[in-house]
Amino acid sequence: MKKILQQIFFDRPTLIIAQELLGKFLVRKSGKKEIAGMITETEAYIGLEDKASHASRGRTKRTEVMFGNPGYWYVYLVYGMYNCLNIVTERERYPAAILIRSVCLLPFHYDRQNMAVNGPGRVCKYFQVDKRFNKRPAELKTGLWIEDRGVRLNPKKIKKGKRVGVDYARSWKNKHWRFYLE
DNA sequence: TATTTGATTCTT
DNA sequence: AGAATCAAATAT
């Protein structure tokens, strides 16, 4: 069973979605080639108050997609080198998104050496995601979407921790808004 | 207009 | 521990 997650899935509380995305599949299709991997690590960035979120500094050309409708991709360049892939969540005008940090590749795609793709920069590199996908909807015709393939996780398998690389975010850096599988 | 800084990763 | 490398935020 394969079911593409629709926009309504993302129009809900971000912390719920960030956990539910674990076990879902990120799918990239260009031409006949399809790459798919199970999402194993996410981070939530929520609201104007969250000092770790780009949206906390207000609505800019870069962050406006976070203020828009849910179910859209937010792709940005960090450290001048790496792209980061996020899915926008919650209602229009409420800025929130989830960073996809790691995935686990299907056997068809890996050679044991690199079955895990750890780190947002590596996820984008492997799935050939760049700013072309920014502000585009997560759906089939975009060539990049998220699927439910029937994997059901025991909620106890979900680990929580502090978000990575946000030491500058004052008290918000201590929020346990990072979710991952062992 | 100039400087600083990152939701990172790779090399030394 | 440091480099790579640039868009956006902040300082001047």
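Residues numbered from 1 in each chain as written. Chains lettered and ligands numbered in written order. Predicted model: local features only at pLDDT ≥ 70, side-chain atom pairs only at ≥ 80, totals over all residues. Heavy atoms only, no water.

J.: How should I be thinking about the nonpolar core in this particular structure?
T.: One recurring pattern in soluble globular proteins is that nonpolar side chains are buried together. Formed by 39 residues in total, the largest nonpolar core has its most connected members in L21, L26, W73, L85, I100, V103 and I146. When residues of this core are assigned to their parent elements, the largest contribution, six residues, is made by strand β3 (residues 33-46). (Core = buried A, V, L, I, M, F, W, Y, C linked by side-chain atoms within 4.5 Å. Buried < 20%, exposed > 50% of the residue type's maximum accessible area, 1.4 Å probe, protein only. Helix = DSSP H or I, 4+ residues; strand = E, 2+ residues; numbered from the N terminus.)

J.: What am I meant to see in the protein's contact with DNA strand C here?
T.: Lining the immediate surroundings of DNA strand C are R57, T60, R62, L77, Y79, G80 and M81. Each atom of DNA strand C within 4 Å of the protein was classed as base or backbone; sugar and phosphate made up 76%. In the model, a phosphate oxygen of DNA strand C is placed 2.3 Å from a nitrogen or oxygen of the R57 side chain. The separation between a phosphate oxygen of DNA strand C and a polar side-chain atom of T60 is 3.2 Å. (Near = heavy atom within 4 Å. Polar contact = N/O pair within 3.5 Å; in protein donor to acceptor, adjacent residues only side chain to side chain.)

J.: Just to check I follow, could you spell out the pairing of strand β5 (residues 82-88) for this structure?
T.: For a regular strand, the rule is simple: side chains alternate between the two faces of the sheet. Across the seven residues that make up β5, a large majority, six, are buried. The pairing of strand β4 (residues 73-78) with β5 spans six bridges and is antiparallel. Bridge pairing in β5 links V75 to L85. Between β4 and the antiparallel strand that follows it, β5, lie three residues; Y79 among them carries a positive phi value of about 55°. One ladder, built from three bridges, connects β5 with strand β6 (residues 96-105); its direction is antiparallel. Its bridge partner being in β6, V88 is matched across the sheet by A97. (Pairing = 2+ DSSP bridges.)

J.: Explain the side chain of T63 here, please?
T.: Examined against the element boundaries, T63 turns out to sit in the loop between β3 and β4. Given a relative accessible area of 2%, T63 falls into the buried group. For T63, the side chain forms a polar contact with the main-chain oxygen of G58, separated by 3.0 Å. Filtering out sequence-adjacent residues up to four positions away, T63 remains in contact with H54, A55, G58 and Y74. (Contact = heavy atoms within 4.5 Å.)

J.: Explain the pairing of β3 here, please?
T.: β3 sits mainly inside the fold: 12 of its 14 residues count as buried. Relative to β3, strand β2 (residues 25-30) runs antiparallel, the two being bridged by six bridges. From the neighbouring strand, R28 faces β3, where its bridge partner is I35. Hairpin remark: β2 followed by β3, antiparallel, with two residues in the connecting loop; positive phi at G31, about 65°.

J.: Could you clarify how one ought to interpret the protein's contact with DNA strand B in this entry?
T.: Taken together, 21 residues lie around DNA strand B, and H54, N86, G119, R122 and Y168 are the ones closest in. Within 4 Å of the protein, atoms of DNA strand B come from sugar and phosphate in 56% of cases. Within the side chain of Y45, one N or O atom sits 3.4 Å away from a sugar or linking oxygen of DNA strand B. The contact in question runs from a phosphate oxygen of DNA strand B to an N or O atom on the backbone of P120, over 3.0 Å. Only β4, β5, β6 and α3 (120-126) provide two or more residues apiece to the surface near DNA strand B. Split by residue class, the surface near DNA strand B holds 13 nonpolar, six polar and two charged. (Nonpolar A, V, L, I, M, F, W, Y, C, P; charged D, E, K, R; others polar.)

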